[in-house]
Amino acid sequence: MAQSIEPNIADLANGWLKTYKLPYKLEQESLNAEIDKALSDYFTKNGGTGANRPDAKILLQDKNLNYYPILIEYKGYKESLVKLDTNHQVENRTAKNESHFKNINSFAVNGAVHYANALLHHTSYTDIIAIGMTGYKDERGNIQHQIGVYYVSKNNLGAGQKVDDFSDFSFLAPKNFDAFIDKVKTLELTQEEIEKLKEQREKEIDTSLRKLNHDIYENEKGLGENDRVYLVAASIIATLGIPGKVAPLEKSDLKSSIERGNSDGDIVVRKIKSFLDEKDIPKEKKDLIVRTLENTLTTENINKIEEGESQLKRVFTKIVDDLGIYYKIGLTTDFTGKLFNEMYGWLGFSQDKLNDVVLTPSYVASLLVKLARVNKDSYVWDFATGSAGLLVSAMNEMLNDAKNTITSPDELLQKEIKIKAEQLLGLELLSSVYMLAILNMILMGDGSSNILNKDSLTDFDGNYGFGDTDSKFPADAFILNPPYSANGNGMNFVERALSMMNKGYASIIIQNSAGSGRAKDYCKRILEKHTLIASIKMPVDIFIGKSSVQTNVYVFKVNEKHHKEEMVKFIDFSDDGYTRTNRKKSTNNLKDTNQAKERYEEVINLVRFGKSKLNIFTEKEYHEDTIDPKSGADWNKSAPIDTKPTLQDFKKTVSDYLSWEVSTILKQEKESLGK
């Protein structure tokens, strides 16, 4: 194997930096305390901690006085610049969603992007330039070099985007740097690329949550299920920070002191209070959040010092190290819903009441949102909000619609604020789940204003919970995955919510026995005021590992009585294109094996526009028929099966018989000859 010429590459590149009079630092030198600490805290290229050392690093400012860390990694072989995956992204993760240490170690760009992710994870910097450079000596002994320049940011979820091709580092020179940053700012990912990156990051979240929860479950004794949930919520809120107002809580801020009023728990509580004060969260809600978290954070056991640190600091450190990057890069996912399912998955509950609390998969949440025709002007509510996954999905749909239709930046900003503060409302009775819903919406940019800790059936009057509490919430979209042990399998929530709406649409996912007689009284009363548009039979394994009940999605038009001549769209969606497994150690229990995304899109179009949109599905899966509004037990119809034989059936039967007859005769002759 050829000898590495890394020293020559480093000498060439560092010579350029010196020529441009740039304040670069070599691997052993300090750039600033925040960056140094981030590189020290992040796992290394070999999987350990404490030795991330880029070969060179610089902190540069553009004309707008924004800082950009520049991290540079050198290699000395011809094919050691960058390793990309099949999607042409820097391949720093394996198929099992674990760090690809071989690539990170062996390729210059991959190593630089790894360092950049350390800064995304542990610092306030959200825009980083990762540079890899390698080379070799040709047959004449001349150095041939290659350079890879990638932009790693919150916007591209830390994956990195190639900026351009460069032959030297002069783009970093003071006279060229602003033009370079202008070019960086023009980089855009396609929607398809963004979706692929989100999908990848969501798989990583699942892996990280499993690891974290298993670690806490196995090694941190004395923590009940609620304690674990509250600790994660508290740790994340304390580390979010607000630029210029509240500094994120650092691991080093927890001193594990025995001083009264200055325990690790006291420090975390103070940081949470500061954060909530600056967020301008209503006093009643702030007091409830602080009181709930304080009960766990200030207990003697969790603050007891063993071997120089408290259990709280240990758990806080694990949470920040394992999860920090995912909420800092702003993933628009049901983060705490995933957390909730993972946490509660360890408990092995069998009671129906607790099994009711099941996360709606994100692709099903998106289906419900689209079926309820949610857009930027919708007012959406959920009467059993759980971790707020459905509201997160609705908020994403509303924000995307706003971005696609509003051309004024100022107007768009105001609309985004209004969506988060005024156009979403959720109700959750269980306090531990309510805390997760609050956390989820805070992570999404704080749509938590109207997440209420109330019983939606008995303790809610339809008004805003905070702010203009004398005004009705003008709901025109209702989405729901109710507790199936409630009256009518949860149809009591549906009746209650629809009765408080004047217009709009509703989509719910519910145990299908609700529509075949179990909840007929509720169903009959609902149809006296509202129209059933569609009934969609969902895959039986959609909640695999949590529940195995058959569910249907029902779609309603609000405040229009159902007429007996009304045609209802019945769709058999048993095959939604996904294959699901329930293997605890699997990195991907959900696989698109048969056009899943296209199938979901087609179902949405079929409900909206009818059978003219049939493409993948046939009339065996799609059927239109009337129901009896006075029955309440005929909501789950399927396409009729035609039992009348066709000419083709007759020909096949005759052909099968003749084949059997011939084979029988031949067999008999063979046996006769054998004798």
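Quick summary incoming for the structure in this document. On a predicted model such as this, the values are computed, not experimentally measured, just so you know.

1. Observations regarding the overall build of the protein chain
Reasoning step 1: Looking only at helices and strands, the protein chain has 21 helices and 19 strands in total.
Reasoning step 2: If one aligns the C-alpha atoms of the protein chain with their principal axes, the spans along those axes are about 85 × 85 × 55 Å.
Reasoning step 3: Per-residue burial for the protein chain yields a buried fraction of 51% across its 675 residues.
Reasoning step 4: Here the contacts in the protein chain between residues at least 6 apart in sequence split such that 71% fall between residues at least 24 apart.

2. Concerning a nonpolar patch on the surface
Reasoning step 1: Together, Leu647, Phe650, Val654, Tyr657, Leu658 and Trp660 give the surface a local cluster of nonpolar side chains, amounting to about 670 Å² of exposed area.
Reasoning step 2: Within the secondary structure, Leu647 is located in helix α21 (residues 647-674).

3. With respect to the environment of Ile641
Reasoning step 1: Tracing the backbone through its elements, the reader meets Ile641 in the loop between β19 (622-625) and α21.
Reasoning step 2: We classify Ile641 as exposed; its relative accessible area is 75%.
Reasoning step 3: Between the alpha carbons of Ile641 and Lys620 there is a distance of 8.2 Å; along the sequence they are 21 residues apart.

4. Quick notes on unusual backbone geometry
Reasoning step 1: Positive phi outside glycine occurs at Lys21, with the angle close to 60°.
Reasoning step 2: Looking at the secondary structure, you find Lys21 in the loop between α1 (6-19) and β1 (25-26).
Reasoning step 3: Classification of Lys21 as exposed rests on a relative accessible area of 74%.
Reasoning step 4: Here the phi dihedral of Asn559 falls at roughly 65°; this positive angle occurs in a residue that is not glycine.
Reasoning step 5: You can see Asn559 is positioned in the loop between β15 (551-557) and β16 (568-572).

5. Here's the deal with the environment of Ser362
Reasoning step 1: If you trace the backbone, Ser362 turns up in helix α14 (residues 362-371).
Reasoning step 2: Sequence separation of Ser362 and Gly389 is 27 residues, and the distance between their C-alpha atoms is 7.5 Å.

6. Side note on the nonpolar core
Reasoning step 1: Membership of the largest hydrophobic core comes to 159 residues, with the highest contact counts inside it found for Leu293, Trp381, Phe478, Met491, Met538 and Phe556.
Reasoning step 2: Core analysis: the second largest hydrophobic core is formed by 32 residues, Leu17, Tyr151, Val163 and Ile181 among them.

7. What to know about the sheet that holds strand β14 (residues 531-537)
Reasoning step 1: Ordered by their spatial adjacency, nine strands build an open sheet running β11-β10-β9-β12-β13-β15-β14-β16-β19, and the pairing between neighbours is mixed. Edge positions in the sheet fall to β11 (451-452) and β19, since each of these pairs with one other strand and no more.
Reasoning step 2: Two elements, strand β13 (residues 505-511) and β15, share seven bridges in a ladder whose sense is antiparallel. Considered in β15, the bridge of Tyr505 is made with Lys557.
Reasoning step 3: Across the sheet, helix α18 (residues 491-499) lies against β9 (380-382), β12 (477-480), β13 and β15, angled at about 170° from β12, the strand it touches most.

8. Observations regarding the packing of aromatic side chains
Reasoning step 1: Applying the stated rule across the entire model yields 21 aromatic pairs.
Reasoning step 2: Ring plane angle 70° and centroid distance 6.2 Å describe the contact between Phe169 and Phe171, whose orientation is recorded as edge-to-face.
Reasoning step 3: By relative accessible area, Phe169 is classed as buried at 0%.
Reasoning step 4: With centroids separated by 4.8 Å and ring planes inclined at 70°, the aromatic side chains of Trp381 and Phe383 adopt a geometry described as edge-to-face. Of the two residues, Trp381 and Phe383, both sit in the buried class.

9. Some points on the pairing of strand β3 (residues 67-74)
Reasoning step 1: Of all eight residues that make up β3, seven are buried, and the element is covered over most of its length.
Reasoning step 2: Relative to strand β4 (residues 127-137), β3 runs parallel, the two sharing five bridges. Along β4, the bridge assignment pairs Leu71 with Ala130.

10. A word on the sheet that holds strand β2 (residues 56-61)
The strands making up a sheet are joined through hydrogen bonds of the backbone, oriented either antiparallel or parallel.
Reasoning step 1: Spatial strand order, β1-β2-β3-β4-β5-β6: six strands in an open sheet with mixed pairing. At either end of the open sheet lies a strand with only one pairing partner, and these are β1 and β6 (161-164).
Reasoning step 2: The pairing of β4 with strand β5 (residues 143-153) spans eleven bridges and is antiparallel. Paired with Gly135 across the bridge in β5 is His145.

11. Quick notes on helix α2 (residues 33-41)
Reasoning step 1: Taken residue by residue, α2 has Ile35, Ala38 and Leu39 as its buried positions. All buried residues of α2 fall inside an arc of 95° around its axis, so they share one side.
Reasoning step 2: Residues of α2 that are buried in the fold lie against β2, β3 and α4 (108-122).
Reasoning step 3: Its side-chain oxygen 3.1 Å from the backbone nitrogen of Glu34, Asn32 forms the N-cap of α2.

Here is what the cut-offs are and how they apply
- Residues numbered from 1 in each chain as written.
- Predicted model: local features only at pLDDT ≥ 70, side-chain atom pairs only at ≥ 80, totals over all residues.
- Heavy atoms only, no water.
- Helix = DSSP H or I, 4+ residues; strand = E, 2+ residues; numbered from the N terminus.
- Buried < 20%, exposed > 50% of the residue type's maximum accessible area, 1.4 Å probe, protein only.
- Contact = heavy atoms within 4.5 Å.
- Patch = residues over 30% accessible without salt bridge, like charges linked within 9 Å, V, L, I, M, F, W, Y side chains within 5 Å.
- Areas by Shrake-Rupley, 256 points an atom, 1.4 Å probe, with all protein chains shown as cover.
- Salt bridge = Lys/Arg side-chain N within 4 Å of Asp/Glu carboxyl O.
- Core = buried A, V, L, I, M, F, W, Y, C linked by side-chain atoms within 4.5 Å.
- Pairing = 2+ DSSP bridges.
- Axes fitted to C-alpha atoms, helices over the stretch in contact; angles between N-to-C directions.
- Phe/Tyr/Trp six-rings, centres within 6.5 Å; stacked < 30°, edge-to-face > 60°.
- Arc of directions from axis to C-beta.
- Polar contact = N/O pair within 3.5 Å; in protein donor to acceptor, adjacent residues only side chain to side chain.

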